[in-house]
Amino acid sequence: MNGFENRIGISVSSVRLQLVELSFSDNRYYVSNFDEAYYSEPLNFSKEKTTKLSALLQGAFNEILIRKPLKSKTVSFSLPLDLFYLLQVPVDNSLLHSELSDDLKWQLSVAYPFLNIDELSVNFIEIPSNTFCDLNTALVAAIDRKYIGIINSFCSLNKLNLKYVDNIHFASERTLSSITKDENNELVLSIYISNSNLSMLFTHKGNIIAFRYLPFESISDAARLINEEISNNNLLRLKPSDISSVYIFGDDITDGFVNSLSESTKLILNKINPFTNFHIENNSPGLIYQRERYNSFASAAGIAYRTA
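These remarks concern the structure in this document. Since we're looking at a predicted model, the values are computed, not measured. (Residues numbered from 1 in each chain as written. Predicted model: local features only at pLDDT ≥ 70, side-chain atom pairs only at ≥ 80, totals over all residues. Heavy atoms only, no water.)

Looking at the overall build of the chain
Point 1. Secondary structure summary: the chain contains eight helices and 13 strands in total.
Point 2. Its C-alpha atoms put the chain at 50 × 45 × 40 Å along the principal axes.
Point 3. Across the 308 residues of the chain, 54% fall into the buried class.
Point 4. Of all intrachain contacts in the chain linking residues separated by at least 6 positions in sequence, the fraction that spans at least 24 positions is 66%.
Point 5. A total accessible area of about 14,600 Å² is found for the chain, and carbon and sulfur atoms account for 48% of it.
Point 6. With 27 positive and 34 negative side-chain charges, the chain shows a separation of 6 Å between the mean positions of the two kinds. (Helix = DSSP H or I, 4+ residues; strand = E, 2+ residues; numbered from the N terminus. Buried < 20%, exposed > 50% of the residue type's maximum accessible area, 1.4 Å probe, protein only. Contact = heavy atoms within 4.5 Å. Areas by Shrake-Rupley, 256 points an atom, 1.4 Å probe, with all protein chains shown as cover. Lys, Arg positive; Asp, Glu negative; His and termini not counted. Charge placed at Lys NZ, Arg CZ, Asp CG, Glu CD.)

Structure (structure tokens):
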């Protein structure tokens, strides 16, 4: 990690706001604050007016500030996956960046014909062919600009400088590089569970190679989808034995849920503590939470850890 500046990561879910603050002192980063606050009522992103969404976010943020003021003015946000439109498609790597961007926006409009592309913030990452996929692909992520506007207004009101906005799974996955030392040359799968949806992110040599977002109805249904994506993936050539490690993140996923899912998939699912390699300041409000709940802060911690 570089940059040597204090920074804040905020994760927004439908029921609460979670915050992690990193501070730099004595040539090291440490967690100077982590905490959470529930909204006065659940956020309904698709139905509520912008003013109400902003007020609910501000109310939760104020509650955190009362317990411990922040040191940093630089903040990044992770937002729920269901706010994003995601697409991974083959691409022609001979295209110029602008041509590729235009082509991917067109493919996004085909996949989601009800969208007005001009109202979206669209980003993509190019994924070159690799050991598990012969195709050059691109992973596209788009989000309605109104949500970025809400975050920008929040930052202006609180005199914060916005750095990054990402989705909760990509943000959570960034914690792995801070706590694992031997995964750089391996195929790693991370799974994010949120409400009745799961996402699967495959990385190889530390780089994203595939992503899937799927609804599920029960643990057995989730297990079936995970096994199908591993054994019959329409993009990657892989078998279960190719995967070196599997990590699971989510909104307060219990050990019982993880154990049941592990038994059903025959995978060893690892819950992580995103603060493993960081000293936590003694007066951090989050210390009241049981250590097994630290996993739920992976998204806020991961977006705080992000440097590029």
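Next, the rest of the story.
Notes on the sheet that holds strand 6 (residues 120–127)
Point 1. If you trace the three strands from one edge of the open sheet to the other, you get 5-7-6, paired in antiparallel fashion. The sheet is open, and its two edges are formed by strand 5 (84–90) and strand 6, each paired on a single side. For this sheet, the mean inter-axis angle between neighbouring strands, taken without regard to orientation, is 15 degrees.
Point 2. With eight bridges joining them, strand 6 and strand 7 (residues 137–144) adopt antiparallel strand pairing. (Pairing = 2+ DSSP bridges. Axes fitted to C-alpha atoms, helices over the stretch in contact; angles between N-to-C directions.)

Considerations on the pairing of strand 5
Point 1. Of all seven residues in strand 5, five are buried; the element is thus mostly enclosed.
Point 2. Direction of pairing for strand 5 relative to strand 7: antiparallel, over a ladder of seven bridges. Within the sheet, the bridge partner assigned to proline 90 lies in strand 7 and is threonine 137.

With respect to the packing of aromatic side chains
Point 1. Across all of its chains, the model carries 15 aromatic pairs by this definition.
Point 2. Centroid distance phenylalanine 34 to phenylalanine 275: 4.6 Å. Interplanar angle 45 degrees. Geometry classified as tilted. Residue phenylalanine 34 is located in strand 3 (residues 28–38), and its partner phenylalanine 275 is located in the loop between strand 13 (269–270) and helix 8 (298–305); the two are separated by 241 residues in the primary sequence. An identical accessibility class is assigned to phenylalanine 34 and phenylalanine 275; each is buried.
Point 3. Judged by centre distance (5.2 Å) and plane angle (85 degrees), the ring pair of phenylalanine 170 and phenylalanine 211 falls under edge-to-face. Linking phenylalanine 170 in helix 4 (residues 168–173) with phenylalanine 211 in strand 11 (residues 207–215), this pair joins segments that are 41 residues apart in sequence. Across this residue pair, the class does not change: phenylalanine 170 and phenylalanine 211 are buried. (Phe/Tyr/Trp six-rings, centres within 6.5 Å; stacked < 30°, edge-to-face > 60°.)

A look at the environment of lysine 271
Point 1. Counting through the fold element by element, lysine 271 comes out in the loop between strand 13 and helix 8.
Point 2. The exposure class of lysine 271 is partly exposed, given its relative accessible area of 26%.
Point 3. In the structure, lysine 271 is positioned 21 residues away from glutamate 292 in sequence and 8.7 Å away in space, judged by C-alpha atoms.
Point 4. Beyond its immediate chain neighbours, meaning those up to four positions away, lysine 271 contacts Ile248, Ile253, Thr254, Asp255, Val258, Glu292 and Asn295.
Point 5. Looking at lysine 271, its side chain comes within polar contact range of the main-chain oxygen of isoleucine 253, at 3.1 Å. (Polar contact = N/O pair within 3.5 Å; in protein donor to acceptor, adjacent residues only side chain to side chain.)

Side note on the sheet that holds strand 1 (residues 7–12)
Point 1. Taken together, five strands build an open sheet; the order of strands is 3-2-1-4-8 and the sheet is mixed. The sheet is open, and its two edges are formed by strand 3 and strand 8 (161–167), each paired on a single side. Taken over all neighbouring pairs, the strand axes of this sheet differ in orientation by 20 degrees on average, direction set aside.
Point 2. Alignment of strand 2 (residues 16–25) against strand 3, held across ten bridges, turns out to be antiparallel.

Observations regarding the pattern of salt bridges
Point 1. A complete count under the given rule lists 17 salt bridges for this structure.
Point 2. Across the pair glutamate 36 and arginine 16 runs a salt bridge, and its minimum N-O distance is 3.2 Å. Separated by 20 residues along the polypeptide, glutamate 36 in strand 3 and arginine 16 in strand 2 bring together distant segments of the chain.
Point 3. Since its relative accessible area comes to 6%, glutamate 36 is described here as buried. (Salt bridge = Lys/Arg side-chain N within 4 Å of Asp/Glu carboxyl O.)

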